[in-house]
Amino acid sequence: AQKITQTQPGMFVQEKEAVTLDCTYDTSDPSYGLFWYKQPSSGEMIFLIYQGSYDQQNATEGRYSLNFQKARKSANLVISASQLGDSAMYFCAMREGNQAGTALIFGKGTTLSVSS
Amino acid sequence: NAGVTQTPKFRVLKTGQSMTLLCAQDMNHEYMYWYRQDPGMGLRLIHYSVGEGTTAKGEVPDGYNVSRLKKQNFLLGLESAAPSQTSVYFCASSLDAGGQYWIYEQYFGPGTRLTVT
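Report on the accompanying structure. Not measured: the values here are computed from a predicted model.

For the rest of this paragraph, the subject is the interface of chain B and chain A. Taken together, the 24 residues of chain B in the interface contact 26 residues of chain A. Carbon and sulfur atoms supply 60% of the area buried between chain B and chain A, which totals about 1900 Å² over both sides. At the junction of chain B and chain A, the tally comes to zero salt bridges. Where chain B touches chain A, the interface holds six residue pairs in polar contact (both at pLDDT 80 or more).

Take the sheet that holds strand β7 (residues 65-67) of chain B next. Residue and element names in this part refer to chain B. With antiparallel pairing, four strands are arranged side by side in an open sheet as β1-β3-β8-β7. Of all the strands in the sheet, just β1 (4-7) and β7 have a single pairing partner and so form its edges. In this sheet, adjacent strand axes meet at a mean angle of 20 degrees when their direction is disregarded. In the sheet, β7 pairs with strand β8 (residues 73-78) via three bridges, with the strands oriented antiparallel.

Next up on the list: the environment of alanine 59 of chain A. Residues and elements named next belong to chain A. Relative to the assigned elements, alanine 59 resides in the loop between β6 (46-52) and β7 (60-61). On a C-alpha basis, the gap between alanine 59 and leucine 77 in space is 9.8 Å, while along the polypeptide they are 18 residues apart. Those residues within four positions of alanine 59 in sequence are excluded, and the remaining contacts are Ile49, Tyr50, Gln51, Tyr64, Ser65 and Leu66.

Under the counting rule described, the total for this entry stands at two disulfides over all chains. The disulfide bridge from cysteine 23 of chain A ends at cysteine 92 of chain A, spanning 2.0 Å between sulfur atoms. One disulfide, between cysteine 23 of chain A and cysteine 92 of chain A, carries an S-S torsion of -65 degrees and so falls in the left-handed class. Residue cysteine 23 of chain A is located in the loop between β3 (19-21) and β4 (24-25), and its partner cysteine 92 of chain A is located in strand β10 (residues 88-96); the two are separated by 69 residues in the primary sequence. Between the sulfur atoms of cysteine 23 of chain B and its disulfide partner cysteine 91 of chain B the distance amounts to 1.9 Å. Judged by the sign of its S-S torsion, about -75 degrees, the bond between cysteine 23 of chain B and cysteine 91 of chain B is left-handed. Of this pair, cysteine 23 of chain B sits in strand β3 (residues 19-25) while cysteine 91 of chain B sits in strand β9 (residues 87-94); the two residues are 68 residues apart in sequence, bridging distant segments of the chain. Residue classification places cysteine 23 of chain B among the buried residues on the basis of a relative accessible area of 0%.

Reading the values: rules and limits
- Residues numbered from 1 in each chain as written.
- Chains lettered and ligands numbered in written order.
- Predicted model: local features only at pLDDT ≥ 70, side-chain atom pairs only at ≥ 80, totals over all residues.
- Heavy atoms only, no water.
- Contact = heavy atoms within 4.5 Å.
- Buried area = accessible area lost by both parts, 1.4 Å probe.
- Salt bridge = Lys/Arg side-chain N within 4 Å of Asp/Glu carboxyl O.
- Polar contact = N/O pair within 3.5 Å; in protein donor to acceptor, adjacent residues only side chain to side chain.
- Pairing = 2+ DSSP bridges.
- Helix = DSSP H or I, 4+ residues; strand = E, 2+ residues; numbered from the N terminus.
- Axes fitted to C-alpha atoms, helices over the stretch in contact; angles between N-to-C directions.
- Disulfide = S-S within 2.5 Å.
- Buried < 20%, exposed > 50% of the residue type's maximum accessible area, 1.4 Å probe, protein only.

Laid out in structure tokens, this is it:
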């Protein structure tokens, strides 16, 4: 079973609109972190936002917020006021467990296209 | 502060050739990782290292070897390249200090695009 599922291969949004990118996860470990990365066409991986399993509040970083619903095991990324520069691939990822050196487990990504 | 750098950025190999990808980080991180990214997929872990002189296998280790002789460097080797190893390779590092390891983000290098013909 996939540990990170991103069901939207592609999303389209107009400038200045908000968009939600879906992510569901599967783990039995009580300690985990959820991360979103942006990969523009240039190819680099850019860290956007983090949510820990014990965090009581949803994470926010500027125009990015994470809608964390622990019981539903979902960690959706919300981008407010989309900009043309937001066009990119977005990956949801998870680190499990209280052990150093554990890898990130990635979803397959969602391609976001922002139009003017 | 350069962060994580990778050399080379692009490489084309013929089947059976060998090569080494170099990753360097200047953040004094103990933990380093090699991932590969194939079309339509997220990144998958090849090998990782929890400190100088130690390495371990990840999800897709076959056909690759690694070495961590210095804390700041992590090398990925392909002894006999195959077309199935055509991919984009990313190196990453993380701090992972003081417990609660799941909270630490990984910092990625710019990637190496490798084509094996």
